[in-house]
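What follows is the residue order along each chain.
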Amino acid sequence: MSLKFWKPGTAGPGSNLDRATEVEGNLVPSAPLYSSLSIQSQRERLPIFKHRQKLLYCVEQFGVIIVVGQTGCGKTTQLPQYLYEAGWAAEGSVIACTQPRRVAATSVATRVAAEVGTILGDEVGYTIRFEDVSSKERTRILYMTDGMLFRETLVDPLLSRYSAIMIDEAHERSVYTDLLLGVLKKIRRKRPSLRLIVSSATLDATAFLDYFTDSATPNDATIITLEGRMYPVEVAYLQEPVPDYVRTAAEVSWNINLRQGPGDILVFLTGRDEIERCLDELSEMLPTLPKNAPRLIPLALHAGLSTDEQLKVFEPAERGTRKVIVSTNIAEASVTIDGIKYVVDSGYVKIRTYNPTTALASLSTVPTSVASATQRAGRAGRTAPGVCYRLYPQAAFESLPYSTPPEITRVDMTTSILQLKSLGIDDLMKFEWVSSPPAEIVLRALEGLVAAGMIGEDGRLTPIGQQVAECPVEVGIARMLFNSKEHRCGEEILTIAAMTAVQDVFVIPEGAQGALAELERRKFTAEEGDHLTLLNAYNAFTRYGRSSGWCKSHALSFRAMSRAVSIRAQLKKYMQRFKLPLESCEGDARRLRRCLVSGYWRNGARWVADGTYRSVRGNKVLHVHPTSVLFTRKPRSGWVIFHEMEETKKTQIRILTEIEPDWLVDHGHKYDNAKKGTS
Ligand code: CDP
Ligand code: MG
């Protein structure tokens, strides 16, 4: 392989520092690190253990504790347990720990349940959207997504069942983390007994301290820094940029396995598609693995995995084998995997972005930041000295921004603002933001909410706005559910809402060929587009299938389908609560599509002759995702709405449905482009 790395400081560009020569020929198989230790002694070996007394003392003395410590030192798994052991969950109160990511909440809860020695869902549980593995009576330590805790403030504004709340991964600055910090600051004024722990993996924690320190509460907050040992990590850069970092990541991992000493490999890519492609590349190489090299075990880590699949990642590699874990950003700080010695960093991350001018939200793949690259490299040095291979030149590193801006400054705020209003926070200017969202984003959200009849001209929530705020879905989807009354298609809209809430419904089953899977998928295809195709798949599943065998033979994911059934049941309860009729459209796809437009009114697009689309707002060039049933076909009317947009090298739209352009005009905004150029 011709890839050349060089390490700054030790050698200049041009010298081949592939490190092959630095490793003695004998490859020692990686040994499980802690496998022989009891759980209790593992706990005591964590860097945080030394600080146990001090932490508990500070929780007694201060209302807000900001805990800074390297990833892996034990914050997430240990702190809630310390509080529990010290009696903070007495008399039925609960200790909460929030995570920005679903996978982190479930995997950490699983681990902590094992440490406490309880069944998951009993003393230790988790709550993520549409999935509650906890007991109202018995759960004392509750891991949850930050979004779920924020939602809970809508029904219990003082979060009265909690004695202590840990806002974990605060450095990630997810929207809900920011909103929670703001709301919790308010709550603590009314309920000072509530303890707040803000935990962060990076050192710029003084911003949080300043935020919680003001004239009213001068001595309420403190910072505790957990010193943790970090082994040195050598950093190697590619000499030249590569066209395909996914392929390169596979090749570099392969070479590490052949040439480097023991230790597992962690690869950072941006999403599930890339991860699967990288694993495919590795699997193809596997048959050529020399006999004397460690057996390579490729594993994926991303949000779409089942709990069992996640656990495989944490299991120590057997003797004579080496794990290569191909992960999204989740392994950067949210979860800790022991035994990693090599990190392969693509240098990219997928983030949510929003353009207030066009009101289009999307997922974008962008270069990481210095903070993030450093954090990724650190994953290699937790248990021994390690190496990080950055798949880009050093010059590219030097031009990275220091950190990624907080999410609240770059996402659509429509749903969040509706929720804030529902909490009685009418004056958004007075809300104590950790970082204020840009005025343009707030205005655009308010405008949309007023146009949709959810906020009145006086700036207050309307009764319908109040109900929509309580629905656990985005405003657009909620609006669609409410409008199904008018279009008489509640049954079908409910199913579509559930199906779009799960990901990766269509799969290519192991062993079968892609083309066969494609044929199976075509059986569900609706001419009108992907939403109705999803509806067909759901109806077939509930009518004939409901088994993993049936799903397998129809190229559907059983897990995703089962989840959709459960989500639908939960959303149905909301429909019933709000007295929305569950009528069927009786096959009248027109009614159904009109109702879809009422939810996706901002996501309209027009077909152009080269097979791409232009967004109604902003006239952006859009490509259809290859999984769409409209991938190769022009919609008869020339117009579609789409569920989501993703920006990589080009902008792709997913889950499309054909519509009539006139339908867009009734909804909230006037589209100047809507009537133009219907070629
Ligand atoms: O939150 P922080 O990054 O400080 O660390 P943590 O997530 O509490 O992890 C502490 C230790 O628990 C890790 O170093 C792992 O040894 C172990 N752990 C594990 O084995 N399996 C998990 N699913 C999570 C943590
Ligand atoms: Mg953690």
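Here is what the cut-offs are and how they apply
Residues numbered from 1 in each chain as written. Chains lettered and ligands numbered in written order. Predicted model: local features only at pLDDT ≥ 70, side-chain atom pairs only at ≥ 80, totals over all residues. Heavy atoms only, no water. UniProt positions renumbered as here; feature names shortened; annotations may be inferred. Helix = DSSP H or I, 4+ residues; strand = E, 2+ residues; numbered from the N terminus. Salt bridge = Lys/Arg side-chain N within 4 Å of Asp/Glu carboxyl O. Buried < 20%, exposed > 50% of the residue type's maximum accessible area, 1.4 Å probe, protein only. Near = heavy atom within 4 Å. Polar contact = N/O pair within 3.5 Å; in protein donor to acceptor, adjacent residues only side chain to side chain. Areas by Shrake-Rupley, 256 points an atom, 1.4 Å probe, with all protein chains shown as cover. Nonpolar A, V, L, I, M, F, W, Y, C, P; charged D, E, K, R; others polar. Domains from an automatic or database assignment. Arc of directions from axis to C-beta. Contact = heavy atoms within 4.5 Å. Buried area = accessible area lost by both parts, 1.4 Å probe.

Chemist: Help me understand the UniProt feature "domain: Helicase C-terminal" (unreviewed entry) in the chain, please; the structure alone is not making it clear to me.
Modeler: Within this structure's numbering, the places UniProt gives as "domain: Helicase C-terminal" (unreviewed entry) are residues 241-424. Structurally, residues 241-424 comprises 35% helix and 25% strand, and the distance from its first C-alpha atom to its last is 51 Å.

Chemist: Whenever I open this one, the pattern of salt bridges confuses me. Can you help?
Modeler: Think of it this way: side chains of opposite charge can pair up when their charged atoms draw near. The final tally for this structure, using the stated rule, is 37 salt bridges. We note a salt bridge from Asp214 to Arg189, for which the minimum N-O separation is 3.9 Å. One end of the pair, Asp214, is in the loop between helix H7 (206-212) and strand E9 (221-226); the other, Arg189, is in helix H6 (residues 175-190), and 25 residues separate them in sequence. Classification of Asp214 by relative accessible area gives partly exposed; the value is 26%. Between Arg636 and Glu527 there is a salt bridge, and its shortest N-O distance comes to 3.1 Å. On the criterion of sequence distance, the pair formed by Arg636 in the loop between strand E20 (621-624) and strand E21 (639-647) and Glu527 in the loop between helix H19 (514-522) and helix H20 (530-544) is long-range, its members being 109 residues apart. Linked through salt bridges whose partners overlap, the residues forming this network are Arg43, Arg52, Glu85, Arg111 and Glu115.

Chemist: How do you make sense of the site of ligand 1 when you look at a structure like this?
Modeler: In the region of ligand 1, 15 residues are neighbours, and Gly72, Thr76, Thr77, Asp338 and Arg382 sit closest. At 2.9 Å, a backbone N or O of Gly74 approaches an oxygen atom of ligand 1. Note that an oxygen atom of ligand 1 is positioned 2.5 Å from one of the side-chain N or O atoms of Asp338. Computed on the free molecule, ligand 1 has an accessible area of 530 Å², of which 95% lies beneath the protein chains in the complex. Sort the elements by how many residues they give to the shell around ligand 1 and helix H3 (residues 75-85) lands first, with three residues. Of the residues belonging to the shell around ligand 1, the class tally is three nonpolar, eight polar and four charged. Looking at which domains feed residues into the shell around ligand 1, each of domain 1 (28-226) and domain 2 (233-407) supplies at least three.

Chemist: Would you explain the side chain of Thr321 in this entry?
Modeler: Mapped onto the fold, Thr321 is located in strand E13 (residues 321-327). Residue Thr321 is classed as buried on the basis of its relative accessible area of 3%. In this structure the side chain of Thr321 is engaged in a polar contact, spanning 2.7 Å, whose partner is the backbone oxygen of Glu318.

Chemist: Honestly, helix H16 (residues 463-470) in this entry has me stumped. Any pointers?
Modeler: Side chains three or four residues apart in an α-helix point the same way, a direct result of the helix having 3.6 residues per turn. Where H16 is concerned, the buried positions are Gly465, Val468 and Ala469. Taken around the axis of H16, the buried residues stretch over an arc of 105°, which confines them to a single face. Tucked inside the fold, the buried residues of H16 contact helix H5 (146-155), helix H14 (414-422) and helix H17 (475-487).

Chemist: Is there a simple way to explain the domain arrangement of the chain in this structure?
Modeler: Accessible area lost upon the coming together of the parts is a frequently used measure of interface size. In terms of domains, the chain is made up of domain 1 (28-226), domain 2 (233-407) and domain 3 (471-672). Between domain 2 and domain 3, the C-alpha centre-to-centre distance is 32 Å. Here domain 2 and domain 3 share an interface that buries about 1,300 Å² over both sides, 46% of which is from carbon and sulfur atoms. Area buried by domain 2 at its contact with domain 3 is led by Thr358, Leu360 and Leu363, which between them contribute 36% of it. Taken together, the links from domain 2 to domain 3 amount to nine residue pairs in polar contact (both at pLDDT 80 or more). Only helix H9 (272-285) and strand E16 (360-367) provide two or more residues apiece to the side of domain 2 that touches domain 3. The element best represented in the side of domain 2 that touches domain 3 is E16, accounting for six residues. Split into classes, the residues belonging to the side of domain 2 that touches domain 3 amount to six nonpolar, seven polar and three charged.

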